[in-house]
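# Close look at the chain arrangement
Chain by chain, the residues:
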Amino acid sequence: MLVLLGFAMIAVFMVLIMTKKLTPVLALIIVPTVFGLFAGAGLGIGDMVMDSMKSMTSTAALLMFAIIYFGLMIDVGLFDPLVRFILRKLGNDPAKVVLGTAILAAAVSLDGDGSTTFILTTAAMLPIYLRLKMSPVVLTCVAGLANGTMNIVPWGGPTARAASALKIDVNDVFVPMIPSLLGGVAVVMAFAWVLGLQERNRLRATAPEIWSVPETAEGFDGGTQPSGGASGSGTARGRKETNPGGAAPAGVSPEGSSVAVLDRTETPQDAQRSQDVQDAGLADTALDPNRSTLRPKLFGFNLALTVAVMGMLIADLVPLPYVFMVGSAIALLVNFPRVKDQATQIVAHAPSIVAVVSMVMAAAVLTGVLTGTGMVEAMSAWLVQIIPSSMGPLMAVITGILSIPMTFFMSNDAFYFGVLPVLSETAGHYGITAAEMARASITGQPFHMQSPLVPAILLLVSLAKVDLGDHHKKVLWRSAVVSLVMLGIGMLTGAIGIG
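Residues numbered from 1 in each chain as written. Predicted model: local features only at pLDDT ≥ 70, side-chain atom pairs only at ≥ 80, totals over all residues. Heavy atoms only, no water.

### Description of the packing of helix α4 (residues 57–76) against helix α17 (residues 350–372)
In the contact formed by α4 and α17, the axes pass within 9 Å of each other and the chain directions differ by 165°. When the interaxial angle is binned, α4 and α17 end up roughly antiparallel. Our pair here, α4 against α17, has a crossing hand that is right-handed. Between α4 and α17, the residues in contact are T57, T59, A60, L63, M64, I67 and I68 and S352, I353, V356, V357, V360 and M361, respectively. Across the contact of α4 with α17, the residue classes break down as 10 nonpolar, 3 polar and no charged. (Axes fitted to C-alpha atoms, helices over the stretch in contact; angles between N-to-C directions. Helix = DSSP H or I, 4+ residues; strand = E, 2+ residues; numbered from the N terminus. Parallel < 35°, antiparallel > 145°, perpendicular 65-115°, else oblique. Left-handed = near helix turned anticlockwise from the far one by under 90°. Contact = heavy atoms within 4.5 Å. Nonpolar A, V, L, I, M, F, W, Y, C, P; charged D, E, K, R; others polar.)

### Here we look at helix α9 (residues 158–166)
For an α-helix, 3.6 residues make a turn, and residues three or four places apart therefore share a direction. Along α9, the residues classified as buried are P158, T159, A162, A163, A165 and L166. Projected onto a plane normal to the axis of α9, the buried residues spread over an arc of 165° and lie on a single side. Just downstream of α9 lies K167, where phi reads positive at about 60°. (Buried < 20%, exposed > 50% of the residue type's maximum accessible area, 1.4 Å probe, protein only. Arc of directions from axis to C-beta.)

### Remarks on the side chain of H349
With respect to the helices and strands, H349 occurs in the loop between α16 (339–348) and α17. Apart from residues lying up to four places away in sequence, H349 is in contact with I67, G71, L72 and D75.

### Some remarks on the nonpolar core
Most often, soluble globular proteins keep nonpolar side chains buried together rather than apart. One finds F324 and M437 to be the most contacted residues of the largest nonpolar core, which totals 140 residues. M437 has contacts with L166, M395, A396, T399, L420, L423, S424, A427 and I432, leaving out every residue within four places of it along the chain. (Core = buried A, V, L, I, M, F, W, Y, C linked by side-chain atoms within 4.5 Å.)

### Some details on the pattern of salt bridges
For the structure on display, the rule yields 3 salt bridges. Measuring nitrogen to oxygen at the nearest pair gives 2.9 Å for the salt bridge that ties R202 to E199. Taken together, the residues R202 and E199, both in helix α11 (residues 178–206) and 3 residues apart, mark about one turn of the helix. Overall, the relative accessible area of 32% leaves R202 in the partly exposed class. R338 is the salt-bridge partner of D341, the closest N and O atoms lying 4.0 Å from each other. Given the relative accessible area of 23%, D341 is considered partly exposed. (Salt bridge = Lys/Arg side-chain N within 4 Å of Asp/Glu carboxyl O.)

### Here's the deal with the packing of helix α2 (residues 24–38) against α17
α17 packs onto α2 with a crossing angle of 20° between their chain directions and a minimal axis gap of 8 Å. Here α2 is positioned roughly parallel relative to α17, judged by the angle of their axes. Relative to α17, α2 is oriented so that their crossing is left-handed. Note on element contacts: α17 touches α2 through S358, M359, A362, A363, V365, L366 and V369, opposite P24, V25, L28, I29, P32, T33 and G36.

Structural data, given as structure tokens:
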């Protein structure tokens, strides 16, 4: 009964949020409550939820003050030069922007912390997506895929958990999986490029007055051809046949970008006109050049403070929530000395804070019911029992496949310390080593990172103002493909063997 209720609860939850019948917060509260009562929790369901919520408070504090801090840094203009630099390098080509998002997220993911990755990626890239009228869901999809794939690095958590649970060296788990990691990253980049091409075509069709594309020999160059002269929102490279020298016309970025870049033929007047066009395109966005919150004279201070905060994150000397609490307090005090302005800034970011913190607290209902009623243990035991003995030699492969859904619906701790040892003990009878089982178990991480039980993904969709259901529609099947590719490469290289 517990097994049926557990799987039914998860299925109902996913259907409700993906069909948008309920918001994720309501679904996280209502669905587990109903199924928990059916499971016989009775009045004890309250204690189950509160016990689970206690473990969530530090995460909620971290996300709350991280949103305040980085939202404040965007408001005061810290990331404006970075965004303009990225625009200058990537141009207006959505395909390049999405690919750049994947590369940035993968690189930042090397620190092993999903929250930090998503904070930096959205801070740098979201204004560009909004500026180019691209879908933020594409950003969350690509960032989630990249971070989930990189999550198998030894210091990321899952690999260390698997090694600890099976009492083996972490290097014995990770090193043979490097080809799988590289293959997974390659698939993520391919997905990013395809998503970028789709965005390019969508924008070309939905905003032809802005995204009309010249038919150059190189294809789409990311520029924007203004209709009606100066009233357009950008400029584009000319055709080679009409511009024999191959150089961009005066006032046009050679990269096809809307960012003003002086070249040999550009005059100061042309540069100013290009800057005016760019400023007009950024109006009413997070990078509005005329927003009242800009603090250009404090750029150096804000940069130094952010570097210090990130340094403390990496050094892990004090709890992360406290780092962001202190950082937010200092940033507010220096940038907005007046009490009224400080209160205004906090209120300005209240919608994002409420969205993510409420979801974290609501997730405690789901995890509390799963654990408190014994559903997790029952589901795990059932899965182990239904594997026929004839499939024993395939236990490593089966574990890799099971890790995809199981790490999505339960915490990494529950899977690696509760389920994996049982599976590994069974596999040992068929000549499959503990290291092979550990390697197979981490291939589900790209899918795991999209779970509503992972606070970092809640932060990502909140910062990007994306509905969790929309994110899941775009990312789940792609993350499953990445996981299966990593599992397949592990089998081909011998890292994951068959008994």
